[in-house]
Amino acid sequence: MNDGWQFPCAQVELPSWHEHLDQVVACFAQYGCGQRGRQERFAGGDDRNARQQGIVVPDGFAITAQAYWYFLEANRIKELLAACMARVDRKGLTNLTTIAEEARALVLKATWPEDLAQEIRSAYRALSVEHNSVAVRSSATAEDLPTASFAGRHESFLNIQGEEALLDAARRCYASLFMERAIKYRQDMGFPDMKVALSIGVQHMVRSDVGGAGVLFTLEPESGYRNVVHVAANWGLGENVVQGAVETDEYQVFKPTLRAGKHAILQRKLGAKQKTMVLEPAGDGRPGSSTVNLDTTVEQRERFVLSDEEIHQLAHWALTIEDHYGMPMDIEWAKDGITGKLYIVQARPETVHSAKDPFQLKEYALKGKGAVLVTGSAVGSKIAAGRVRKLDSPAQADQLQDGEVLVTDITNPDWDPVLKRASAIVTNKGGRTSHAAIVAREMGTVAIVGALNATDVLQDGQLVTVSCAEGRTGKVHNGLLEWTELSIDLKSVALPRTDAMLILADPEKAFRYSFYPNRGVGLMRLEFVINNTIRVHPMALVKFDELTDATAKAEIEELTRHHPDKRHYFIEHLAEAVATIAAAFHPHDVIVRMSDFKTNEYASLLGGKQFEPEEENPMIGFRGASRYYNERYREGFRLECAAMKRVREEMGLTNVKLMIPFCRTVGEAGRVVELMAEFGLKRGENGLQIYMMTEIPSNVVRAKDFAKHFDGFSIGSNDLTQLTLGIDRDSAIISELFSESDPAVTDMITSVIASAHATGTRIGLCGQAPSDDPSFAKFLVEQGIDSISFNPDALINGITNILAAERELVKADT
């Protein structure tokens, strides 16, 4: 890992070095860390058993910042170092490398004052070090502040054995204050070079080289959403994670349900984990062990690094640390492969989102789309464009012109002086929690990491548009595309009395959209997740052995290889997608519409053709409620219900309500509700509410009877308009006749709202019209509708229209 735990004593000023050496070397136990294996409790933890009450930190001691100043004064090099720093060309940095080497040489040639060296030796002996091995980690006094992380700027040393090797490693930590990247970062952040000192953490060496390591963020690192713990994991030492050299396993854990003792893992993504960093004896006179990056075995790449129990344990510790410090945290953890124990090895404030005003949003959207050249993990949500400039190393920085798109294999702290000149960064390697991603966020630079083949596909001088505004997947489009930028001050947006809700489909965008003014999700469409993430027809999983399409069968086998029971593949992915959206908007309602593909759409899923009839008019054919109890799909519906039950009961997200689409008759309504109860989703049990899409004229005509089976109605204005007027909404010839404001349609809406009020049934509407047409919004408000749901890009305009309508209604009443 990189730099060490931030020690409070690094900030203390002492009047005399010689009289206070007992405070120059300090035991970790003073700062909430264990001494000789004892676990100290952090205040504020909400833990379920004794094991979760303490955070396990490798035992050790701190060589404090006061020791650093004493080291410089004893060797009379403080003024010499200051003179070196004064000679740095602060504009062009033309002499940075030469000056940095000169400064480091001064430190490396210096000797330890004997009294301080003896204190360090004594502290080392007192550790009773297992395998006689420690990690030596740097921590600057200006480091890990809420506004500056210094991540990766200073050196740390692993597997140090013996007193003299420890002293040598500590001296090299001091010298790393004068690495080029550290000097440049201090300049960028406004820290005077000679006002920054270095504390050093000396800890038992955790053998993560034969185990695993990673990072924890106590918020979602892209959106800044505060109610999740983001976990990243890789085999071997943590440097690959920090430097973004691998695609890690990733997990999202929901804090409220974690505290409640529920299964709180919202998402898990198996990373490629291409490399495993292990130890080997150091060379070139350096102390301890150096590292070597090996190709990860196929067996390990196909396996998650952490068990569910370990994910929950780390997330509990992250909560406790966050509670203790009272701010979002960036934490590093390690797992000892010999003992199997988990450890926290570093914690620092998260420096990007915690410094932002969460009420200021800027939304980017492409006006058009070009050919997608490469994809990777999006960092942030911005868009940039420019000419491609491919570089192999920071030494080629002079080739990059301001505003060009930097394309390279991977970045590390040595790239920092270069990155500010690029309009965007695209790397082959890296993940969203890598050092490269963290620095890109800190600078506000558009970045795509983990693009795999960007350096092969993109060519020097090529004009491209780099978009991180399309979800978690970043895309490099060919050509210079136009885009829009919308600034939103959420403080200026008041919510109306009528509930303004969202229409969502993509869980990857849920955390970002949660910051929008809203009262939940009025419609979550499952079709997006089934089509884009699951990709397989549910019945093809239920009846996998009976599939006749050999090509589809092979592809399904590959997709479901981690699931011995292929049905669980569908249940797990659907549950995680729904849970992510439910968590993002918790505790507000999230109304999930059960699947509503038409037969032609179902047939396009892998293995689907075998299970779907060919229909002349799928729009009014075998769809919606009629499928659920039919033997052709009954077992597929069972899988949908199993996923919803997992979300509500195992994961504790009872804000999820379920909605049945295209329910033609009252008898069908009863049949479907009974079947859901048979499948474990009983209306009223554990607060479960079931809604009906109101999109067929029969739903309006017999609304009071349908209300006996459902807790709420949601008007689907598109289908209701289409079926009321007898118009194919996809027909260009008669498209001008399609209007939600047609009196026939508004009469239907007026009628069903009145029936809902008469039966005490909640009713809302999902659609674009109230945003596009203020008069339609006014009509709905006048009828007393409970909620209106909008697509995210229409929400603000929709709220404006509702507020205007409500103000007019108040004036009319007075």
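The structure this text deals with has already been given above.
Reading guide: rules and limits
- Residues numbered from 1 in each chain as written.
- Predicted model: local features only at pLDDT ≥ 70, side-chain atom pairs only at ≥ 80, totals over all residues.
- Heavy atoms only, no water.
- Phe/Tyr/Trp six-rings, centres within 6.5 Å; stacked < 30°, edge-to-face > 60°.
- Helix = DSSP H or I, 4+ residues; strand = E, 2+ residues; numbered from the N terminus.
- 1 Å grid on protein atoms, 1.4 Å probe; cavity = no way out; pocket = protein on both sides within 12 Å on 5 of 7 lines; lining within 4 Å.
- Points joined across faces, edges and corners; volume = space filled by probe spheres on them.
- Nonpolar A, V, L, I, M, F, W, Y, C, P; charged D, E, K, R; others polar.
- Core = buried A, V, L, I, M, F, W, Y, C linked by side-chain atoms within 4.5 Å.
- Buried < 20%, exposed > 50% of the residue type's maximum accessible area, 1.4 Å probe, protein only.
- Contact = heavy atoms within 4.5 Å.
- Pairing = 2+ DSSP bridges.
- Axes fitted to C-alpha atoms, helices over the stretch in contact; angles between N-to-C directions.
- Expected span 1.5 Å × (residues − 1).
- Salt bridge = Lys/Arg side-chain N within 4 Å of Asp/Glu carboxyl O.
- Polar contact = N/O pair within 3.5 Å; in protein donor to acceptor, adjacent residues only side chain to side chain.

Bringing the packing of aromatic side chains into the picture now. Summed over all chains, the structure comprises 13 aromatic pairs. Considering the side-chain rings of Phe71 and Tyr174, the 5.1 Å spacing of their centres and the 55° angle between planes classify their relative orientation as tilted. Of this pair, Phe71 sits in helix α2 (residues 65-74) while Tyr174 sits in helix α6 (residues 163-175), and the two are 103 residues apart along the sequence. Seen from their ring centres, Tyr602 and Tyr633 are 5.4 Å apart, and the 55° between their planes marks the pair as tilted.

Here the structure, examined in full by the defined rule, presents eight cavities of 30 Å³ or more. Taken as a whole, the largest cavity spans an internal volume of roughly 160 Å³. Contributing to the lining of the largest cavity are 14 residues, with Glu222, Gly471, Arg472, Glu508 and Arg512 lying nearest its centre. Its residues placed into classes, the lining of the largest cavity shows three nonpolar, four polar and seven charged.

Let us look at the nonpolar core. Inside soluble globular proteins, nonpolar side chains tend to come together where they are buried. Within the largest apolar cluster, 106 residues are counted, with the highest numbers of intra-cluster contacts made by Phe585, Ile660, Phe710, Phe713 and Ile749. The greatest single-element share of this core, amounting to twelve residues, is contributed by helix α19 (residues 566-584). Beyond its immediate sequence surroundings of up to four residues, Ile749 is in contact with Ile715, Leu720, Leu765, Phe776, Phe779 and Leu780. Val88, Leu93, Leu96 and Leu177 belong to the second-largest nonpolar core, a separate cluster that totals 49 residues.

To continue, consider helix α26 (residues 717-725). For α26, the complete set of buried residues consists of Ser717, Asp719, Leu720, Thr721 and Gln722. Each element contacted by the buried residues of α26 is listed here: β27 (690-694), α24 (697-701), β28 (712-716), α27 (743-759) and β29 (762-766). The positive-phi residue at the C-terminal boundary of α26 is Gly726, with phi of around 65°.

What follows deals with the sheet that holds strand β8 (residues 249-254). The antiparallel open sheet is built from six strands, whose spatial order is β9-β8-β7-β6-β12-β13. Of all strands in the sheet, those bounded by a partner on one side alone are β9 (265-269) and β13 (342-349). Pairs of neighbouring strands in the sheet enclose a mean axial angle of 15°, with direction left out of account. Where strand β6 (residues 212-217) meets strand β12 (residues 329-335), six bridges bridge the pair, whose relative direction is antiparallel. Opposite Gly212, over in β12, you have Lys335 as the bridge partner.

So, about the sheet that holds β29. The eight strands are arranged β23-β24-β25-β26-β27-β28-β29-β30 in a closed barrel whose pairing can be described as parallel. Put simply, the sheet's adjacent strands are angled 30° from each other on average, direction ignored.

It is worth spelling out helix α11 (residues 308-325) at this point. Between its first and last C-alpha atoms α11 spans 26 Å; for 18 residues at 1.5 Å apiece the expected length is 26 Å, and the two agree. Gly326, located one to two residues past α11, shows a positive phi value of around 70°.

In the structure shown here, the tally under the stated rule is 54 salt bridges. Residues Arg172 and Asp168 are paired through a salt bridge, measuring 3.4 Å at the closest nitrogen-oxygen approach. Highlighted residues: Arg172 and Asp168, both in helix α6, separated by four residues, approximately one helical turn. Glu363 is the salt-bridge partner of Arg512, the closest N and O atoms lying 2.9 Å from each other. Taken together, the positions of Arg512 in helix α15 (residues 510-513) and Glu363 in strand β14 (residues 360-366) put the pair 149 residues apart, joining distant regions of the chain. Both residues of the pair, Arg512 and Glu363, count as buried. If you follow the salt bridges from partner to partner, you end up with Glu114, Arg121, Arg125, Glu163 and Glu164 in one network.

This part covers the side chain of Gln462. Assignment of secondary structure puts Gln462 in the loop between α14 (454-457) and β20 (463-467). Within the structure, Gln462 has its side chain in polar contact with the backbone nitrogen of Gln459 (distance 3.0 Å). A distance of 3.3 Å separates a polar atom in the side chain of Gln462 from a polar atom in the side chain of Asn478. Every residue in contact with Gln462, bar those within four places of it in the chain, is listed here: Leu373, Gly386, Arg387, Val388, Val457 and Asn478.

Empty space within the largest pocket amounts to approximately 1,600 Å³. Contributing to the lining of the largest pocket are 49 residues, with Lys269, Glu508, Asn532, Thr533 and His573 lying nearest its centre. Elements represented by at least two residues in the lining of the largest pocket include exactly β8, β9, β15 (372-379), β21 (473-478), α16 (527-534), α18 (550-559) and α19. If one sorts the elements of the lining of the largest pocket by residue count, α19 sits on top with six residues.

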